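The residues making up each chain are set out below.
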Amino acid sequence: MTAPLQHRVQQALASVLGRVPSTSAPLAPPPPGSGLRPVPGDPGVPLVGRSLEFAADMLGLARRQYAEYGPVSWTGAFGRPMVAVLGPDAIGQVLVNKDKYFGNADGWGFFIGPFFRRGVMLLDFEEHLTHRRILQEAFTRPRLAEYLEVMGPRIERSLDDWTTGDGVRIYDRIKQMTLDIGTEVFVGDQLGPRADRVNRAFVDTVHAGVAVVRAPVPGGSWRRGLVGRKVLEDYFAAQIPVKRAGDGRDMFSVLCRARSDEGETFSDDDVVAHMIFLLMAAHDTSTITLSMMCYLLAKNPAWQEKLREESLALGDAPTMAELDSLVSLDLAMRETLRMYAPVGQLARITVRDAELQGFHVPAGTLMSLGVHASQRMEPWWDRPDEFDPDRFAPERAEDKSHRFAWMPFGGGVHKCIGLHFGGMEVKAIMHAMLRRFRWSVPEDYTMPIGLTTGPTPADHLPLRLERL
């Protein structure tokens, strides 16, 4: 970017980011006598900080920050100071949150609050625990088995429609499939003529959370996300009476009738908020994981054949127990989640002055926990940029070196409530793909990385896809 153009971009961003604190000053110093150190760092480029670097090269930025400042540092991003937290010790302290220094609501709220407000990830402390107790009813193992029964035929129908050849944009195929699965398993509804509008609203809502220009500028992704949220609210709210009165097994129906052991239930507004959030979380994370696994298996054909041999021996329509028996597939999925964590950063904010690894982090400080980067950095992983699923085998168990060495689902009380559903969906889809297709990329191909909730294929991952 040329200097004049960069200046114009900074001016434009300043006009919409002026409502938040400047990045020109460091964080407030520690109180005298506290023994704590000030967080080191720098503001980055005036006005925009490191927002553009964050979006373009999240891993590279984190590695540079760690090399210069260590596991806790600050920089300017999205118009305000932000503390970057790297490594299992520092991230683990935040996730465990023993002293309740760190809040989710205003942390995630800064990024996705207008679009996913009141989702379980955006609640804190006692309220979060109450909602999680009720939500757990939708994620028991018997419920997951029911979802798998619905999921199987939808996967087969989607794969029947896939065309083969060169340049197949597999990210788009998988994204549509997980949307279709979401509407059947989560919503229990065939959208019909509403499909395009609801799906577009959903995609716009997801993308809005990583917008650099964080204001409802006409034509901007932030404004499209706000419109999308309203479409989804209206769609779910209209169906609640029927769902509450019925006996459906889809997740929407389950949440409408869910009751904790203490007798707690959800209001209509709660159900709408949780449905929008859970559908986003399940769809987006599974799409990223499957796409990245396709890339890694294309670049490592020996592993692709190893997984295919395992799946061909199992047969169609596997049960949950049968999916669990796919040992090599599980190893490859874990390694994919390590290399390309689908939620690459976890957001928090300090609800009061906090101590983090001996540093003073003032109240109201936005924090970014670098899950993706920490899982791709030494000394926590051996040859971290190498695809090596066997690192998760019992005889090596690199993920056991630290409680928070491998944390694609977060940790602590906010650990992803849908992690078992997500793992089941990824395995079921990949198992079906392996039995039907073989895929490859040119030997010199390197996938460009984009950013939504986590690292994604910026070119939508064009593959050569062949039917077996």
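Look a little higher up for the structure.
For clarity, every value in this text was computed on a predicted model and none was experimentally measured.

### Some remarks on the overall build of the chain
Broken down by element type, the chain carries 17 helices and 13 strands. With respect to the principal axes defined by its C-alpha atoms, the chain has extents near 65 × 55 × 45 Å. For the chain, with 468 residues in total, the buried portion stands at 57%. Sequence separation of at least 24 residues holds for 75% of the intrachain contacts in the chain that already meet a minimum separation of 6. Element-wise, carbon and sulfur atoms account for 55% of the exposed surface of the chain, whose accessible area totals about 19400 Å². Charge separation in the chain, taken as the distance between the mean sites of 53 positive and 58 negative side-chain charges, equals 3 Å.

### Details of the sheet that holds strand 5 (residues 165-169)
Read across the sheet, three strands follow the order 5-13-10 without closing on themselves; strand pairing throughout is antiparallel. A strand with exactly one partner marks an edge of an open sheet, and here the two such strands are strand 5 and strand 10 (437-440). On average, each strand axis in the sheet is tilted by 45° relative to the strand beside it, whichever way the strands run. Where strand 5 meets strand 13 (residues 462-467), three bridges bridge the pair, whose relative direction is antiparallel. Within the sheet, the bridge partner assigned to Arg-169 lies in strand 13 and is Pro-462.

### Describing the pairing of strand 2 (residues 72-77)
Within strand 2, six of the six residues are buried, leaving the element largely enclosed by the surrounding structure. Covered by surrounding structure in strand 2 are Val-72, Trp-74 and Gly-76 together with Ser-73, Thr-75 and Ala-77, the residues of both alternating faces. Relative to strand 3 (residues 80-85), strand 2 is paired through six bridges, and the arrangement is antiparallel. From the neighbouring strand, Ser-73 faces strand 3, where its bridge partner is Ala-84. Connecting strand 2 to the next strand, strand 3, in antiparallel fashion are two residues, including Phe-78 with a positive phi near 55°.

### Description of the nonpolar core
In terms of nonpolar packing, the biggest core is built from 139 residues, with Phe-186, Phe-421 and Trp-439 touching the most fellow members. At 18 residues, helix 12 (residues 268-299) tops the list of elements feeding residues into this core. Aside from chain neighbours lying at most four places away, what touches Trp-439 is Cys-294, Leu-297, Ala-298, Gln-304, Arg-308, Met-430, Met-433, Leu-434, Leu-463, Arg-464 and Leu-465.

### Details of the side chain of Asp-42
Within the secondary structure, Asp-42 sits in the loop between strand 1 (37-38) and helix 2 (51-56). With a relative accessible area of 16%, Asp-42 lands in the buried category. A polar atom in the side chain of Asp-42 sits 3.0 Å from the backbone nitrogen of Gly-44. Within the local environment of Asp-42, its side chain forms a polar contact with the side chain of Arg-50, the two groups lying 2.5 Å apart. In contact with Asp-42, other than residues within four places in its own chain, are Arg-50, Gln-65, Tyr-69, Trp-74, Thr-75 and Gly-76.

### Examining the packing of aromatic side chains
Working definition: an aromatic ring pair is given by the centre-to-centre distance plus the angle between the planes. Enumeration over the complete set of coordinates arrives at 14 aromatic pairs. Geometrically, the ring pair formed by Tyr-66 and Trp-380 is edge-to-face, given 5.4 Å between the ring centres and 70° between the ring planes. In this pair, Tyr-66 is assigned in helix 3 (residues 58-69) and Trp-380 in the loop between helix 16 (371-374) and helix 17 (419-436), connecting sequence segments 314 residues apart. Classification of Tyr-66 by relative accessible area gives partly exposed; the value is 25%. Accessibility expressed as a relative area gives 18% for Trp-380, which makes it buried.

### Side note on the sheet that holds strand 8 (residues 359-361)
Across the sheet, which stays open at both edges, the three strands sit in the order 1-8-7 with mixed pairing between neighbours. Each edge of the open sheet is held by one strand with a lone partner, namely strand 1 and strand 7 (354-356). Summarising the sheet, strand 7 and strand 8 pair through three bridges and their orientation is antiparallel. Looking at the pairing, Glu-355 lines up with His-360 of strand 8.

### Re unusual backbone geometry
Backbone torsion omega between Glu-378 and Pro-379 reads 10°, so that peptide bond is classified as cis. Relative to the helices and strands, Pro-379 resides in the loop between helix 16 and helix 17. Even without being a glycine, Asn-97 presents a positive backbone phi close to 55°. Structurally, Asn-97 is set in the loop between helix 4 (88-96) and strand 4 (102-103).

### Remarks on the environment of Gln-345
Tracing the chain through its elements places Gln-345 in strand 6 (residues 345-350). Leave out the neighbours within four places in its chain, and Gln-345 touches Phe-54, Met-58, Trp-108, Ser-368, Leu-369, Gly-370 and Thr-453. Of the polar contacts made by the side chain of Gln-345, one reaches the side chain of Ser-368; its length is 2.4 Å.

### Some details on helix 8 (residues 170-187)
Over its 18 residues, helix 8 extends 25 Å from the first C-alpha to the last, a length consistent with the 26 Å expected when each residue adds 1.5 Å. In terms of residue burial, helix 8 counts as a mostly covered element, since 15 of its 18 residues are buried.

### Points about the pattern of salt bridges
All told, the structure shown has 39 salt bridges when counted by the stated rule. One salt bridge connects Glu-53 with Arg-64, and the closest N-O pair in it is separated by 3.1 Å. Of this pair, Glu-53 sits in helix 2 while Arg-64 sits in helix 3, and the two are eleven residues apart along the sequence. Judged by relative accessible area, which is 26%, Glu-53 ranks as partly exposed. On the accessibility criterion, Arg-64 (41% relative accessible area) is partly exposed. Salt-bridge contacts for Asp-388 lead to Arg-383; the nearest nitrogen and oxygen are separated by 3.4 Å. Its relative accessible area of 36% is what places Arg-383 among the partly exposed residues. Here the salt bridges share partners, and the residues they tie into one network are Glu-335, Arg-338, Asp-382, Arg-383, Glu-386, Asp-388, Arg-391, Arg-396 and Glu-398.

What counts, and at which threshold
- Residues numbered from 1 in each chain as written.
- Predicted model: local features only at pLDDT ≥ 70, side-chain atom pairs only at ≥ 80, totals over all residues.
- Heavy atoms only, no water.
- Helix = DSSP H or I, 4+ residues; strand = E, 2+ residues; numbered from the N terminus.
- Buried < 20%, exposed > 50% of the residue type's maximum accessible area, 1.4 Å probe, protein only.
- Contact = heavy atoms within 4.5 Å.
- Areas by Shrake-Rupley, 256 points an atom, 1.4 Å probe, with all protein chains shown as cover.
- Lys, Arg positive; Asp, Glu negative; His and termini not counted.
- Charge placed at Lys NZ, Arg CZ, Asp CG, Glu CD.
- Pairing = 2+ DSSP bridges.
- Axes fitted to C-alpha atoms, helices over the stretch in contact; angles between N-to-C directions.
- Core = buried A, V, L, I, M, F, W, Y, C linked by side-chain atoms within 4.5 Å.
- Polar contact = N/O pair within 3.5 Å; in protein donor to acceptor, adjacent residues only side chain to side chain.
- Phe/Tyr/Trp six-rings, centres within 6.5 Å; stacked < 30°, edge-to-face > 60°.
- Expected span 1.5 Å × (residues − 1).
- Salt bridge = Lys/Arg side-chain N within 4 Å of Asp/Glu carboxyl O.

None of this, on its own, says anything about what the molecule does.
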